[in-house]
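Spelled out from the first residue to the last, the chains are:
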Amino acid sequence: MHTLNYTLIVVGIGSALLGIISGALGTYAVLRRQSLLGDAISHAALPGIALAFLLTGSKTPLILVFGAAMAGWVGTLLILSIVKLTRIKYDSALGLVLSTFFGFGLVLHTLIQRNGNANQAGLDTFLFGQAASLLERDVLTIGILGGIALLIMSLFWKELKLLVFDEGFATSIGLPVRALDILLTSLLTVAIVLGLQAVGAVLMSAMLVAPAVAARQWTDRLGHMVLIAALFGAIAGVSGTVLSSSASRLPTGPTIVLCATLFVGFSFALAPNRGLVWHWVRHRRDKEHLKLAASRSVKEIWKRKELTRLQSTPTDKYISKK
Amino acid sequence: MTNEINEIKAIEVTDLTVAYQEKPVLWDIDLDVPPGVLLAIVGPNGAGKTTLIKAILGLVRPAAGRVLIYDKPYPLQRRIVGYVPQRGSVDWDFPTNVLDVVMMGRYGSLGWFRRPGKAERELAMNALEKVGMQAYADRQISQLSGGQQQRVFLARALVQDATVYLMDEPFQGVDATTERAIVALLQELRAKGKTVVVVHHALQTVTDYFDWVMLLNIRRIASGPVEEMFTPDNLRQTYGGRVAFMKN
């Protein structure tokens, strides 16, 4: 009993941290319309994990995360150079790199499993994620690397904000836009590869996008949006983990993502100002007001016409008589 | 000595050529802008007006040529240059408010890691007052009309406290009242000895608003004082003879 609780606590903390990191950094991805880039990076990271394992034979989280980050980074670089050097458009380049890297990753995984290495168990959690497999050292890695990523984000707060809002103006005042762009993408990569073990490559991008999209419905300030997205991410992470560990054989990644999606639906429906219910109520109210105003003004016009008729008729007669 | 001082130019563009994928958008442009003028850049769509502004600001890399601001390359003169981009170049649904956008004009002088504080807030409020938007300081930017967005961008440039201003279509999508307010502001800047370069679309207002003009259509057709250069002949050259509404 005691050990079970302890495991659940470790896993819960790990998922909460992941939610915070991916929620906060995902905000930038959503605002820059780079949600798909997150998807490409997470898929591209898969062969990196397999290669890191093949080369070192170790499953130390730091090594696997490093491999994933390298592969994700190479994938991103490849996307950018394809766009720059060929006439292939951004979305096609994304699809190309995403599927090629992912396919390569799957092949490597199959190879590793065929080899029957006793140590290979657990590598396939990177596909669909298994938060239950998070150990204390994994959580420590997530906490430290994620903490550094968030710290960098807050250090470069105003620069990153300006980069996302108005890149041209940022360049004109001398910000190194290229470098900041690379920095932001690297932070995104860190968030993604940290989440791979718990959420999996296939669905990781949803962890970046869903909390941020939900948070956008509740606020009009970037700072608040980052905080709310982090909070939603954390709650989704914890509730997803708890749900998947209480029901038998529910995969964690999809459960976490479903929880995050619930937040999106809830926010779209109920958030003030932007929510659908709010819109509907306001629409109804405006319509009523309009109707009222319209009927009033119609009455008013009639009254005036009547009045002018009454006033003008005798005068006209009087004038015409004269 | 005195002669030389008189010849200092606010902006000096020499042999500037810019190409996008081997197609020239600006060809061999020379432009001298003396300090303290209000200059309109006019020309048809695709003439390279925006590109010229961006090339001066170093936002696009020229294939050839040189740009000097007060005798030095732009990277050394950033602090004395203010920029108003096209309103449509940003996503106005970005989660922030008016005051915050205006304070972005101070980021250049603030430098790394420092956040805007009370001084920046005050400067921003002053600038908002100048464009008649102080009541909108806390307004979310997605709720602004086109003219209000334009004035917010103008206020952001004002807090840059520059000597040279480059503005890309500040009258675009603006109603008549706002246009008059913006013109008054530009003329006030010129009265203070600042140099203002404006990408402009409406030919009929050039003589009223500006004292200098540049006619551009990939090549420079003419540039200089409005009364000398804004001639039917030059306009015909710029627009290819389709300026029927110009009756000079």
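Data block above holds the structure.
Residues numbered from 1 in each chain as written. Chains lettered and ligands numbered in written order. Predicted model: local features only at pLDDT ≥ 70, side-chain atom pairs only at ≥ 80, totals over all residues. Heavy atoms only, no water.

Help me understand the overall build of chain B, please; the structure alone is not making it clear to me.
In terms of regular secondary structure, chain B is built from 11 helices and 10 strands. Here the C-alpha atoms of chain B give a radius of gyration of 18 Å, agreeing with the 18 Å that 2.2 N^0.38 yields for 248 residues. Taken over the C-alpha atoms alone, chain B extends approximately 50 × 45 × 40 Å along its principal axes. The burial tally for chain B puts 52% of its 248 residues in the buried class. Long-range contacts, defined here as pairs at least 24 residues apart, represent 67% of the contacts in chain B between residues at least 6 apart. (Helix = DSSP H or I, 4+ residues; strand = E, 2+ residues; numbered from the N terminus. Rg over C-alpha atoms; globule rule 2.2 N^0.38 Å. Buried < 20%, exposed > 50% of the residue type's maximum accessible area, 1.4 Å probe, protein only. Contact = heavy atoms within 4.5 Å.)

Can you help me understand the sheet that holds strand S10 (residues 219-225) of chain B in this one?
Think of a sheet as strands paired side by side through backbone hydrogen bonds, with each pair either parallel or antiparallel. Residues and elements named next belong to chain B. Taken together, the six strands give an open sheet; going across it, the order is S6-S7-S8-S3-S9-S10, and neighbouring strands pair in mixed fashion. In this open sheet, the two strands that pair with only one neighbour each are strand S6 (81-84) and S10. Between one strand axis and the next, the sheet turns through 15° on average, direction left out of account. In the sheet, strand S9 (residues 212-217) pairs with S10 via six bridges, with the strands oriented antiparallel. Across the sheet, Leu215 pairs through a bridge with Ala222, a residue of S10. Contacts from helix H7 (residues 146-158) reach S6 and strand S7 (164-168) within the one sheet, and its direction differs from that of S6 by about 170°. Helix H11 (residues 232-239) rests against strand S3 (38-42), S9 and S10 of the sheet, and its axis sits at about 30° to S9. (Pairing = 2+ DSSP bridges. Axes fitted to C-alpha atoms, helices over the stretch in contact; angles between N-to-C directions.)

Hey, could you run me through the interface of chain A and chain B in this one?
Size of an interface, as often reported, equals the accessible area lost when the parts are brought together. In this complex, chain A contributes 29 residues to the contact, which on the side of chain B involves 32 residues. The three residues of chain A that bury the most area against chain B are Lys158(A), Phe165(A) and Phe169(A), which together make up 30% of that side's buried surface. The tally of links between chain A and chain B comes to four salt bridges. The salt bridge involving Lys161(A) is made with Asp100(B); its shortest N-O contact spans 2.6 Å. Where chain A touches chain B, the interface holds 11 residue pairs in polar contact (both at pLDDT 80 or more). (Buried area = accessible area lost by both parts, 1.4 Å probe. Salt bridge = Lys/Arg side-chain N within 4 Å of Asp/Glu carboxyl O. Polar contact = N/O pair within 3.5 Å; in protein donor to acceptor, adjacent residues only side chain to side chain.)

Explain the sheet that holds strand S2 (residues 23-33) of chain B here, please?
Residues and elements named next belong to chain B. Spatially, four strands are ordered S2-S1-S4-S5 in an open sheet, and the strand pairing comes out antiparallel. Strands at the two margins of the open sheet, each flanked by one partner only, are S2 and strand S5 (72-73). In this structure, strand S1 (residues 11-20) lies alongside S2, joined through seven bridges in antiparallel fashion. Its bridge partner lying in S2, Ala19 is registered against Pro24. Helix H2 (residues 49-56) contacts S1, S2 and strand S4 (64-69) of the sheet and is inclined by roughly 120° relative to S1.

Teacher, can you tell me more about the packing of aromatic side chains here?
The geometry of two aromatic rings is summed up by the distance between their centres and the angle between their planes. Under the criterion given, the structure shown has 11 aromatic pairs over all chains. Relative to Trp92(B), the ring of Phe165(A) has its centre 6.2 Å away and its plane inclined at 85°; by these criteria the two rings are edge-to-face. With Phe165(A) in helix H7 (residues 157-165) and Trp92(B) in the loop between S6 and helix H4 (98-103), this pair bridges two chains. Given a relative accessible area of 4%, Phe165(A) falls into the buried group. Overall, Trp92(B) belongs to the buried group, its relative accessible area being 9%. Grouping aromatic residues by their ring pairs yields a cluster made of Phe165(A), Trp92(B), Phe94(B) and Phe153(B). (Phe/Tyr/Trp six-rings, centres within 6.5 Å; stacked < 30°, edge-to-face > 60°.)

Teacher, can you tell me more about the environment of Met153(A) here?
Residue and element names in this part refer to chain A. Positionally, Met153 belongs in helix H6 (residues 136-155). Assessed through its relative accessible area of 6%, Met153 is described here as buried. Sequence-wise, Met153 and Leu183 are 30 residues apart; in three dimensions their C-alpha atoms are separated by 9.2 Å. Other than its neighbours up to four places away in sequence, Met153 contacts Ala24, Leu25, Tyr28, Leu160, Leu187 and Val226.

Mind showing me how you'd approach the environment of Leu18(A) here?
Residues and elements named next belong to chain A. Tracing the backbone through its elements, the reader meets Leu18 in helix H1 (residues 2-31). Considered as a pair, Leu18 and Ile63 are 45 residues apart in the sequence and their alpha carbons are 18 Å apart. If near-sequence neighbours (up to four positions away) are discounted, Leu18 is found in contact with Gly23, Ile142, Leu194, Gly195 and Ala198.

Would you mind going over helix H9 (residues 177-199) of chain A with me for this structure?
Three or four residues apart is the spacing at which side chains of an α-helix point the same way, because the helix has 3.6 residues per turn. The end-to-end C-alpha distance of H9(A) is 31 Å, a good match for the 33 Å that 23 residues give at a rise of 1.5 Å each. Two residues or fewer after H9(A) comes Gly200(A), characterised by a positive phi angle close to 95°. (Expected span 1.5 Å × (residues − 1).)

Is there a simple way to explain the side chain of Arg87(B) in this structure?
Residue and element names in this part refer to chain B. Take Arg87: it is sitting in the loop between S6 and H4. Despite its burial, Arg87 pairs with no opposite charge; the closest candidate is Glu169, at 8.5 Å N-O. Of the polar contacts made by the side chain of Arg87, one reaches the side chain of Gln149; its length is 3.0 Å. Other than its neighbours up to four places away in sequence, Arg87 contacts Trp92, Gly146, Gln149, Gln150, Phe153, Gln172 and Gly173. (Lys, Arg positive; Asp, Glu negative; His and termini not counted.)

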